[in-house]
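Topology and contacts: notes
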Amino acid sequence: MCSLALFPPPLPSGQTTLCESNNELLSGTTTEDRLKLESSPLSLFFPRESLKLHCRTESSSKAAFLDHSETLWMRSAAAWRDGGFTGLLDEITNSNTEVPKWLSVSSGCTLALLRWFSSFHGSLFPHLTMSSEDMLAEFSQVLNWSDCVVRAFAWHPHTDKFAVALLDDSIKIYNPKSATTPTLKHRLQRSVAAVQWKPLCATALAVACQNCLLVWHVDPCSLSTRPSSGCAQVLSHPGHSPITSIAWSPSGSLLVSASPMDTAMMVWDVASESGVPLQRVGGGGVTFLSWSPDGSHVLASTPSALFRVWETRMWTCERWPCVKGRCQSGCWSPDGSRLLFTVQGETVIYALTFTDTPAGVPTCTSKGSQAAAVVADLSETTFNTPDGDIIVGGEIQSLAWDPTGERLAVLLKGDPQAADRPAIIAVFKTRTNPIFELLPCGFVQGEPGTEPRLMQFHPNFQHGALLTVCWSSGRITHMPFYFLSAGVPHFGLSGSPSLPRPQERPADFAKQSLFTELMS
Amino acid sequence: MYLMMTDCSVQVIFWRAVASIAWAVLLLPPITAVFVIISRFSLLHPIQAVSECLSFLTSASAIFSFILLCGVIIMVGFLNLEYYTVIPTIACSKIALLGQLLHPRQFVNSLGHCIMGIIVAWCCAITVGGRYETIADPCAQGDGSPQMCLNEYHLILLLAGAFVGFSHSLLGVIYNMNYVSFHTVQQYKYLRFKGSLSLVLKCSATQALYSVRNYIVVYFFLGKWSLSVHPLDSIAGLLDLSLLYHLWISASFLLFTWHLTLLLFRVFVTEVYSFPVQSSFTEDAHQCLPTVLTDKQPMILKFLALLDLALLSQHSPSRRSEVFSLSQPGGHPHNWNAISKECLSLLADLTQRLIAYHDTVATNGRAKSLSTGSERKTSSESSVPFILSVSPLTAPFTPDLDSPFASPALRRLTAPMDQCSPWFGTVQSPHIMRRVPKLWSTSTGEKSQALFADSQAHIWALEGLSYLVQSSFSEDQFGVVQTALPSILSCMLGLQEAVDRHFKLPHASSKPVRSASSMGDSTHKTLRFALRATLKTSIYRITTTFGNHLNAVKMSAEHRKRLQQFLEYKE
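Treat the numbers as computed from the prediction; the structure is a model and nothing was measured. (Residues numbered from 1 in each chain as written. Chains lettered and ligands numbered in written order. Predicted model: local features only at pLDDT ≥ 70, side-chain atom pairs only at ≥ 80, totals over all residues. Heavy atoms only, no water.)

**Section: the overall build of chain A**
Each helix and strand counted, chain A has 5 helices and 33 strands in total. Out of the 520 residues in chain A, the part that is buried amounts to 53%. Summarising the internal contacts of chain A: among those between residues at least 6 apart in sequence, 52% fall at separations of at least 24. Per element, the accessible surface of chain A, about 23100 Å² overall, is 57% carbon and sulfur. (Helix = DSSP H or I, 4+ residues; strand = E, 2+ residues; numbered from the N terminus. Buried < 20%, exposed > 50% of the residue type's maximum accessible area, 1.4 Å probe, protein only. Contact = heavy atoms within 4.5 Å. Areas by Shrake-Rupley, 256 points an atom, 1.4 Å probe, with all protein chains shown as cover.)

Shown next as structure tokens:
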């Protein structure tokens, strides 16, 4: 079931993918492409040099000041404030000339004991010893997060506006219907790992930061380009940082947030700024969250080889232990019945099916399948191109499924050291009704020397699917996939798409199917 | 009261309370055992202490005191049932709070807690043993004859129990501890209980610490007992570490058992109850959702019914179909009519309330600003920094209508001083005069809280209506919802307008300070924000579902304009 071998080969150097039309991916040369890109209002380019970066490191100012002899009490108070209990113990142990011997010895012993215990804990969950920046980079859905110019991207679920979080910790909001581009900055807005707009709301944007969660309220009619930090709600909970993932409920009422340092997942009622921690033993933290589009389930992966699927009516969960590594990424089918996920260290995509008992009957957990099925194998495949051999495949960084359930984008990590193993986006055609099917579509490539870092589908593109990709160069491009949606109609009313659209060739589907449920 | 009523829906509440009390009593043995171990344990003789604990636990006095403790827990449970409320009483001024504290009903409550505190403290004294065990000690008088003297260690523990019980009851009023709030996140009872347990333990320990501190101060000044053999009202007598430890442990034990009973009560009472939407038997009709919704009393049932409505509209297609169904025979959508009518009347009621409040504030402010213009000028001379901190809009909108002392003359007098109402408490006034009006001045924030005190009901009504309308798009076969769509939309848009206007009042949108470590529930302080967010989401839920079809719905031009904002995602 090796899947990539059936794909059309990658484009030769200098060609970039433009769109899908007539059931095939069209490409263009770079110059042609650039002209096209620059004419489109939503394609953006953030050169790295244009960002004012600040080198803020924590407690860096301490070393710049001379040592000042304070009384033991003052130093202890300062140590308690800065370093907590361990800081206090450290201070007492170090100032052994001023304190009674028994005190310094006992605090030294306590400190040693604490360190031994925390190292033991750290050996169980190695991620606990990382710095918070490293942790964000490790667990982010963005490829090579710490080096990214665009660190997070979010389309608004109902309108054509989006938010972009940049390397300099600012967030910009682009709206084609508005001339102003508000820039959001906040004292606490550091190391943004994820942004997401609140559904059924025009204003609220949730931002996952290093130490807290911010919810901005940006009035779309306002002409202000720099909303004040008073427009942001700060949500924080002791021990719940750094936050690597957030997810709004599709009904817009709740927000969940996850931190690898906290075994509890927080469920926030944003308006009243109250959070309920949902604690479960095992896993050592929560890294990635994804709320199913129908609102019934939440995927929560942990840093260990274990992930959970919560049902959102009574907030109970199913445990899914993995064999090899942690769950790296996941995405839901539009009706919320199927979950695709990938595991770190493996090159396959798994699927889980949830056949819900009618909601309303209060069942403990939804009855799911007993084991996940492998639906695609993306192990390394060599393609012969005019420019030489290119190896595509390997580990998967993230998954994205378009809202009609017909295109699945897979961001492959590649190998940054080897030139012939680029990071690349592989796109599959999918079908969820009447049976689940996976077919090859093609690779999405950008300008030479750039690699895709982050991708997201537009939530309500009228003429098929629209994939937005953020590249390592700082460019954001949008790739339309024109097709006639055959699946479930859009929620709400979109009417029939008006663009002249190419006819699909159903013969292709029959010939090249990679996975159908009939096989498994 | 509850036993008298035969309605079985009402009995549900009673039996839930009984179940919560039963659990509290069942949890009492392990808690008491832990308390015995903690209070008697000594580092130097661990084995001896454990064996002493075991022998004590099997003694007759231990069993007797345990029975007493069970009685106290049952009593506390029934007091919870008697005094709980789902709509918090918000005191808008200090005088109103004082009125609440001095209310005869509250007095009975305090007295009850005092007595129960003494009983628990007596049990603690028996448990801790040693010097605390008896009230009278044999002591030698001057002439050598043995005589019984007062054992002050025993007494101090008993009085501590009374004090902690009393302060618990007072704090209950101040922090609205009898207010039962409903959670947005539904969880099973056991998980909710487990999740809150550590918080309860922390709260009890800290509150016990503060209570003991206050008690020691009071005792130092008032505790003069001429009969005592070891007088304790000296600094040295009170700074006995072991005494302080035992006082704190006993107070923590007392508060923990009571708070646990309260927690269990809250968890059990607020559990979702599924009402049948319709019944085929007429004698059961009074238990059905539409009937319970329209009933006024008791409030908790109405709340549970609204919660059930919000959940069924969101999660349960089969029950929704019952709501949309037609009566047989007759073909009338009685269920939908009753539910939508009740929800709309709730929302209209809130809209009216907000408009009336806004009007009084506006007219009052205008009159006042005219009459007090000159006085403000004079007072501004004396306290310049003070006036500078106040925006010119603030003063006209400061309402003190409800205060019992608001005669026109007095109002004119206090108007410039309203600026030192609690919202300006951070500015320290040099004049003692300025502190006086604090007693009866009301703050807009608290008035706003009081206006939205029962808004949990409105939130569920909005959610229920909007989800039902949303699912009617595909599920409503007979079009019963369509007929009500214009009135639902205009009701929501009218409320939206009133809420928007209300939030433009000064301080209505300022966030309250949260108190994290207290058993009191501060949910009611943020209900107005939750309502505003739910209202917007609900309107968006309808507009995204129906889209441009809404242009065919009849409504006033003003509402159409507002709706257009929503259709364009500009609200």
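Further notes follow.
**Focus on the confidence of the model for chain B**
Residues and elements named next belong to chain B. Per-residue pLDDT for chain B averages 82, and the proportion of residues at 70 or more is 82%. Per-residue pLDDT stays below 50 along residues 1-6; that stretch engages in 8 contacts with residues further than four places along the chain or on separate chains. Considering only residues more than four positions removed or in separate chains, one finds that residues 367-437, a stretch of pLDDT under 50, has 86 contacts. (pLDDT = per-residue confidence, 0-100.)

**Quick notes on the packing of helix α3 (residues 60-83) of chain B against helix α9 (residues 241-269) of chain B**
Residues and elements named next belong to chain B. Contact geometry for α3 and α9: axes closest at 10 Å, N-to-C directions at 45°. One way to sum up the angle between α3 and α9 is to call them oblique. In this structure, α3 meets α9 at a crossing whose hand is right-handed. On α9, the residues that touch L69, V72, I73, V76, G77, N80 and L81 of α3 are F253, T257, W258, T261, L262 and F265. (Axes fitted to C-alpha atoms, helices over the stretch in contact; angles between N-to-C directions. Parallel < 35°, antiparallel > 145°, perpendicular 65-115°, else oblique. Left-handed = near helix turned anticlockwise from the far one by under 90°.)

**Some details on the sheet that holds strand β12 (residues 245-248) of chain A**
Residues and elements named next belong to chain A. Spatially, 4 strands are ordered β12-β13-β14-β15 in an open sheet, and the strand pairing comes out antiparallel. Of all strands in the sheet, those with a lone pairing partner are β12 and β15 (274-279), marking the two edges. Ignoring strand direction, the axes of neighbouring strands in this sheet form an average angle of 20°. As paired strands, strand β13 (residues 255-258) and strand β14 (residues 264-269) are joined by 3 bridges and run antiparallel to one another. Its bridge partner being in β14, L255 is matched across the sheet by W268. (Pairing = 2+ DSSP bridges.)

**Observations concerning the environment of G161 of chain B**
Residue and element names in this part refer to chain B. As for its placement among the helices and strands, G161 is situated in helix α6 (residues 152-174). Assessed through its relative accessible area of 4%, G161 is described here as buried. Distance in space between the C-alpha atoms of G161 and S250 is 8.0 Å, their sequence separation being 89 residues. Excluding residues that lie within four positions of it along the chain, G161 makes contacts with G117, I118, A121 and L254.

**Some details on the packing of helix α20 (residues 527-546) of chain B against helix α21 (residues 557-567) of chain B**
Residues and elements named next belong to chain B. Here α20 crosses α21 at 80°, and the two axes come no closer than 9 Å. The pairing of α20 with α21 is recorded here as roughly perpendicular in orientation. Side by side, α20 and α21 meet where K536, I539, Y540 and T543 of the first sit next to L563, F566 and L567 of the second.

**Observations concerning helix α4 (residues 132-139) of chain A**
Residues lying three or four places apart along an α-helix face the same way, a consequence of the helix completing one turn every 3.6 residues. Three or more residues of α4 of chain A are buried, namely M135, L136 and F139 of chain A. Along the long axis of α4 of chain A, the arc covered by the buried residues comes to 100°, so they all point the same way. (Arc of directions from axis to C-beta.)

**Section: the environment of L223 of chain A**
Mapped onto the elements of the fold, L223 of chain A is located in the loop between β10 (213-217) and β11 (232-235). On the accessibility criterion, L223 of chain A (72% relative accessible area) is exposed.

**Things to note about the interface of chain B and chain A**
Across the contact, 32 residues belong to chain B and 34 residues belong to chain A. Across the chain B/chain A interface, buried area totals approximately 2800 Å², and carbon plus sulfur atoms make up 63% of it. At the junction of chain B and chain A, the tally comes to 1 salt bridge. K511 of chain B serves as the salt-bridge partner of E273 of chain A, at 3.6 Å between the closest nitrogen and oxygen. Contributing elements (two or more residues each) for the side of chain B that touches chain A: α11 (299-315), α18 (455-475) and α20 of chain B. Top element by residues in the side of chain B that touches chain A is α20 of chain B. It accounts for 9 residues. Residue composition of the side of chain B that touches chain A, by class: 13 nonpolar, 14 polar and 5 charged. (Buried area = accessible area lost by both parts, 1.4 Å probe. Salt bridge = Lys/Arg side-chain N within 4 Å of Asp/Glu carboxyl O. Nonpolar A, V, L, I, M, F, W, Y, C, P; charged D, E, K, R; others polar.)

**Brief notes about the UniProt feature "transmembrane region" (unreviewed entry) in chain B**
When the UniProt feature table is mapped onto this chain, "transmembrane region" (unreviewed entry) is found at residues 20-41, 53-77, 114-133, 153-178 and 242-265 of chain B. The span residues 20-41 of chain B shows a helical share of 95% and a strand share of 0%, and its end C-alpha atoms are spaced 31 Å apart. (UniProt positions renumbered as here; feature names shortened; annotations may be inferred.)

**Observations regarding the confidence of the model for chain A**
All names here are of chain A. For chain A, per-residue confidence averages 84 on the pLDDT scale, and residues scoring 70 or more make up 85% of the total. Throughout residues 358-367 the model reports pLDDT below 50, and contacts reaching past four residues in sequence, or to other chains, amount to 22 contacts. Every residue in residues 488-511 is under pLDDT 50, and counting partners more than four places away or in other chains gives 37 contacts.

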